[in-house]
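Structural features, examined
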Amino acid sequence: VKVEKGAVVDETTGEDTPTPTTPTVTLPALGQATATDAKGKPVTTQTQMSGGISLDGKTFKPTGEAKQLSDSVDLNGRIQADPAHVKQKVKVLVTLTYQASKDSEEKFYFKLSGAGGLLPWTEGDVASLQQDPFQSDVTLPATLDVTMYHGLLLATGVVNVTFGYLLEDGTAVQSPQPVELTVTE
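It should be emphasised that the depicted structure is a prediction, and the values quoted were computed from it without experimental measurement.

**Examining the packing of aromatic side chains**
- Evaluation of the coordinates by the stated rule reveals one aromatic pair.
- Aromatic side chains tyrosine 98 and phenylalanine 108 sit 6.5 Å apart centroid to centroid with 35 degrees between the ring planes, which places their arrangement in the tilted category. Residue tyrosine 98 is located in strand 9 (residues 89-99), and its partner phenylalanine 108 is located in strand 10 (residues 108-112); the two are separated by 10 residues in the primary sequence.

**Let's talk about the sheet that holds strand 6 (residues 48-55)**
- Read across the open sheet, the four strands follow the order 3-6-8-13; overall the sheet is antiparallel. Of all the strands in the sheet, just strand 3 (29-32) and strand 13 (143-152) have a single pairing partner and so form its edges. Taken over all neighbouring pairs, the strand axes of this sheet differ in orientation by 15 degrees on average, direction set aside.
- Pairing of strand 3 with strand 6, which is carried by three bridges, proceeds in the antiparallel orientation. If you follow alanine 29 over to strand 6, its bridge partner there is serine 50.

**Details of the pattern of salt bridges**
- Taken as a whole, this structure holds three salt bridges when the rule is applied.
- The shortest N-O distance in the salt bridge between lysine 102 and glutamate 180 comes to 2.8 Å. With lysine 102 in the loop between strand 9 and strand 10 and glutamate 180 in strand 16 (residues 179-183), this pair connects stretches of sequence that are 78 residues apart.
- A relative accessible area of 55% means that lysine 102 is categorised as exposed.

**With respect to the pairing of strand 10**
- Both strand 9 and strand 10 contribute to a ladder of four bridges, which runs antiparallel. Considered in strand 10, the bridge of tyrosine 98 is made with phenylalanine 108.
- Pairing of strand 10 with strand 11 (residues 118-120), which is carried by three bridges, proceeds in the antiparallel orientation. Residue pairing for strand 11: lysine 111 is matched across the bridge by leucine 119.
- Linking strand 10 back to strand 11 in an antiparallel pair, the connection comprises five residues, with glycine 116 at a positive phi of about 85 degrees.

The rules behind the values
Residues numbered from 1 in each chain as written. Predicted model: local features only at pLDDT ≥ 70, side-chain atom pairs only at ≥ 80, totals over all residues. Heavy atoms only, no water. Phe/Tyr/Trp six-rings, centres within 6.5 Å; stacked < 30°, edge-to-face > 60°. Helix = DSSP H or I, 4+ residues; strand = E, 2+ residues; numbered from the N terminus. Pairing = 2+ DSSP bridges. Axes fitted to C-alpha atoms, helices over the stretch in contact; angles between N-to-C directions. Salt bridge = Lys/Arg side-chain N within 4 Å of Asp/Glu carboxyl O. Buried < 20%, exposed > 50% of the residue type's maximum accessible area, 1.4 Å probe, protein only.

Any functional reading would require information beyond the geometric quantities listed.
See the structure below:
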């Protein structure tokens, strides 16, 4: 019996069943992406970004406030790529800024690695983002959904998350504003 890749077979009958699909979630628009070339100079892009946080399975919003660490969080983004970038190989990037509170002046910068871990990052250092990006060697489709986090909260404070992609020529495209999560207890 030959089974096509991605097919689902009912174990009781041996028959193919329709492949389940994940419904597309509605994400808030973040606007037109910002982009810089390999030298850090601003360039124009038609890429549009959407993204948000869902707390305990509720509607996605661009900002969220969790009352306790036991709240479940989903952090998703959507990239509607510039037509000139579609079908190019890219690295998907996710960066975070953490503050102990909104009033705290001290900020810590991280990037999400391909293994899902947090790695220290120096703000603005695009070159370091190329090493161990969130996703590597992605052929950019017209629309790319990025699931950045799903799970329980790890610490109190304020986290601002930006996401985007890096073209092979060094052009970095990122969300124009961060998705923000505040955890109070």
